[in-house]
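Spelled out from the first residue to the last, the chains are:
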Amino acid sequence: MRAIQITEFGGPEVLTLTELPDPEPKPHELLLEVTRAGVNYADTHQAENSYLAPATLPLVPGSEVAGRTSDGRRIVALTTGGGYAEKAVVDPNMAYDIPEGVSDEAALALIVQGATAWVLLRKSARMQPGESVVVHAAAGGVGTLAVQLAKLFGAGRVIAVASSADKRDLALELGADAVVDSAAPDMTAALIEANEGRRVDVVLDMVGGRVTDESVRALAPFGRLAFYGMASRELPSPVKLPNLMRFSTTVAGMWLPHVWLLPGDVMGQAMAEMFTLVADGDLRTITGGVHPLARAREAHEALRSRGTIGKLVIDPTA
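Residues numbered from 1 in each chain as written. Predicted model: local features only at pLDDT ≥ 70, side-chain atom pairs only at ≥ 80, totals over all residues. Heavy atoms only, no water.

Digging into the layout of surface pockets
Empty space among the atoms becomes visible once a probe the size of a water molecule is rolled across them.
Consideration 1: There is about 520 Å³ of room inside the second largest pocket.
Consideration 2: Lining the second largest pocket we find 21 residues, and of these D213, V216, R217, V239 and L244 sit closest to its centre.
Consideration 3: Taken together, the elements giving at least two residues each to the lining of the second largest pocket come down to α6 (209–216), β12 (219–227), α7 (241–247) and β13 (250–253). (1 Å grid on protein atoms, 1.4 Å probe; cavity = no way out; pocket = protein on both sides within 12 Å on 5 of 7 lines; lining within 4 Å. Points joined across faces, edges and corners; volume = space filled by probe spheres on them. Helix = DSSP H or I, 4+ residues; strand = E, 2+ residues; numbered from the N terminus.)

Set out below in structure tokens:
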């Protein structure tokens, strides 16, 4: 089969198209003919070995796939790697049947980005109806869905932060009540102004650096910032616990794999709810680009430039 393999760590240039033996599923596993593979910001970190989970070479990147089983089932699944390929092996416990009315691209948008937005709002930030919600990187894969889910969950005011006028217009189209330029020189002041002079209740942040620092300072008493990435590759300032107590604020972290440690099928609940919302036309997924397998490097370059919108996918059939 054709696959993208990494044999040395680095930037997009280390993604190399090659021929590899077909993966062999164990008795309890499923073998998929991959129709689409998702591209995540975490993949760019894995390529340079800067992700939370250290990588081992050689590797085939890609942690999410959509495709068909030998008996014709349409499946979207998370994997421990191997997604950028024509075939992939998946664990049935991390696989979900794609219902009618949901495309492969939409299913891929939901299984990481959608689930991340859902868990951030429901579990990490525990958003309550009527609260204000700030979504950084609002035109990205998580952001486009988080804006919509926050509104669907009853947010009183959704404030979308994005880097260009086109991205901010998209966020407004998706239901945001106000927008902020991500280059605002004082993010604290910009967020408070966008919330009509009030401090904000919830912030979803995957930027890092000063944006995180200034977003924490924009929190209202009992406000929560949920941190789930560091696209700027700049560390925020250390959180000082006495300051959290002083302002009655919370800073939470979230890494999606930990969802499987929770009691009950939280992931299954999230996917079922979002599949229904998409099929009913109440939740819109945004595909930011479909790249042939041989041009996977371009997908990483686009994602790292932070100029993309929505979900990027790879088409191994092209």
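Here's the deal with the packing of aromatic side chains
Consideration 1: Taken as a whole and judged by the stated rule, the model has 1 aromatic pair.
Consideration 2: Taking 6.0 Å as the distance between ring centres and 75° as the angle between the ring planes, the aromatic pair formed by Y51 and W255 counts as edge-to-face. Of this pair, Y51 sits in the loop between α1 (41–47) and β4 (64–68) while W255 sits in the loop between β13 and α8 (266–279), and the two are 204 residues apart along the sequence.
Consideration 3: Positioned above the aromatic ring of F153, the side-chain terminus of R122 is 3.6 Å from the ring centre. (Phe/Tyr/Trp six-rings, centres within 6.5 Å; stacked < 30°, edge-to-face > 60°. Lys NZ or Arg CZ within 6 Å of the ring centre and 35° of its normal.)

Remarks on helix α9 (residues 296–304)
Helical periodicity: at 3.6 residues per turn, an α-helix aligns residues three or four positions apart in one direction.
Consideration 1: Regarding α9, the residues found buried are A296, A299, H300 and L303. Angularly, the buried residues of α9 cover 95° about the axis, an arc narrow enough to put them on a single face.
Consideration 2: Against the buried residues of α9 lie β1 (2–5), β3 (30–39), α1, β14 (287–292) and β15 (311–315).
Consideration 3: A positive phi of about 60° marks R306, the residue just after α9. (Buried < 20%, exposed > 50% of the residue type's maximum accessible area, 1.4 Å probe, protein only. Arc of directions from axis to C-beta. Contact = heavy atoms within 4.5 Å.)

Some points on the environment of L235
Consideration 1: Counting through the fold element by element, L235 comes out in the loop between β12 and α7.
Consideration 2: The spacing of L235 and D213 is 22 residues in sequence and 9.6 Å in space, taken between C-alpha atoms.
Consideration 3: For L235, the residues in contact, after removing those within four places along its chain, are G209 and M230.

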